[in-house]
Amino acid sequence: MIIAVDGPSASGKGSVSRRIAAQLGLPYLDTGLLYRAVARDMLDQGLPLDDEDAAVRAAKSLDLDGLDDPRLRERRMGEAASRVAASPAVREALLELQRDFAHRPGGAVLDGRDIGTVVCPGADVKLYITASAEERAHRRYLELRDRGEHVDEDEIYQDILKRDHRDQERSAAPLRKADDAHLLDTTNLDIEQAFKAALGLINAARAPRRSGDGS
Ligand code: CDP
Ligand code: CDP
């Protein structure tokens, strides 16, 4: 069973996806980390983020085992990731790895921007998780503050607007809700409520098939 979760920055898609995966006993891939890791490798080598050939090389040599680097969560990595992610060639270079992960026996949960539209258009369940930009900026501000990165909340809000715009307006796999995705607005939900709402949508989406296919 493949569960595709998409949505903008700090909508809560990672928190929800991790819990859903644990609840259903499925492996989970945060695909944003792949783009963050490409950006990190470029920055570490002092390469400009618009050097597409170098970004493709970094994407092709990515190792899933290296995604637990705490630096990937830094604010500047999110910004840099959205710049390398605008390249169709970089996206193409990361596609197979994501699809291989999704098609493991038993299934998987993946979250990102284009999972339901490009990576796994045939996913069994698709969720599009969102929240107001103000609420997302507040969440990200608290998260970075707790991690010791002190930044002005309004700067984070501006980051979020800029990133939403870049992710939605790019020509390659822009962020958008797949037509068959279930919309979940978490503006007024805490993580537990968002998780329960997501689980409810997943169970409801699976129920007709379960009774229809006799399994
Ligand atoms: O993966 P994504 O960037 O969409 O968001 P996340 O990493 O799941 O959540 C961003 C921050 O918001 C984390 O610190 C979560 O704990 C927090 N959060 C929240 O306060 N309420 C929610 N309903 C969802 C997430
Ligand atoms: O945690 P947050 O939602 O802020 O960002 P992320 O999910 O780690 O993604 C960082 C950036 O990578 C996004 O702004 C997107 O530009 C890009 N990304 C993408 O293009 N496609 C994906 N499937 C996942 C991330």
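Look up: the structure comes first, before these words.
Parameters at a glance
- Residues numbered from 1 in each chain as written.
- Chains lettered and ligands numbered in written order.
- Predicted model: local features only at pLDDT ≥ 70, side-chain atom pairs only at ≥ 80, totals over all residues.
- Heavy atoms only, no water.
- Pairing = 2+ DSSP bridges.
- Helix = DSSP H or I, 4+ residues; strand = E, 2+ residues; numbered from the N terminus.
- Axes fitted to C-alpha atoms, helices over the stretch in contact; angles between N-to-C directions.
- Near = heavy atom within 4 Å.
- Polar contact = N/O pair within 3.5 Å; in protein donor to acceptor, adjacent residues only side chain to side chain.
- Areas by Shrake-Rupley, 256 points an atom, 1.4 Å probe, with all protein chains shown as cover.

(A) Just the sheet that holds strand β2 (residues 28-30), in detail. Spatially, the 5 strands line up as an open sheet ordered β2-β3-β1-β4-β5, and their pairing is parallel. Pairing within the sheet leaves two strands with one partner each, and these edge strands are β2 and β5 (182-185). Ignoring which end each strand starts from, the neighbouring axes of this sheet average 20° apart. Pairing analysis gives 5 bridges linking strand β1 (residues 2-6) to strand β3 (residues 108-112), with the strands arranged parallel.

(B) Broad picture of the site of ligand 2. Near ligand 2, the surroundings consist of 18 residues, among which Ser 9, Arg 36, Arg 91, Arg 163 and Asp 167 are the closest. One nitrogen or oxygen atom from the side chain of Thr 31 is found 2.9 Å from a nitrogen atom belonging to ligand 2. Taking Arg 163, its side chain carries an N or O atom lying 2.7 Å from an oxygen atom of ligand 2. Isolated, ligand 2 exposes 530 Å² of accessible area, and the fraction of that covered by the protein chains is 96%. Sorting the residues of the shell around ligand 2 by element identifies α2 (32-44), α4 (75-84) and α8 (153-169) as the ones contributing at least two each.

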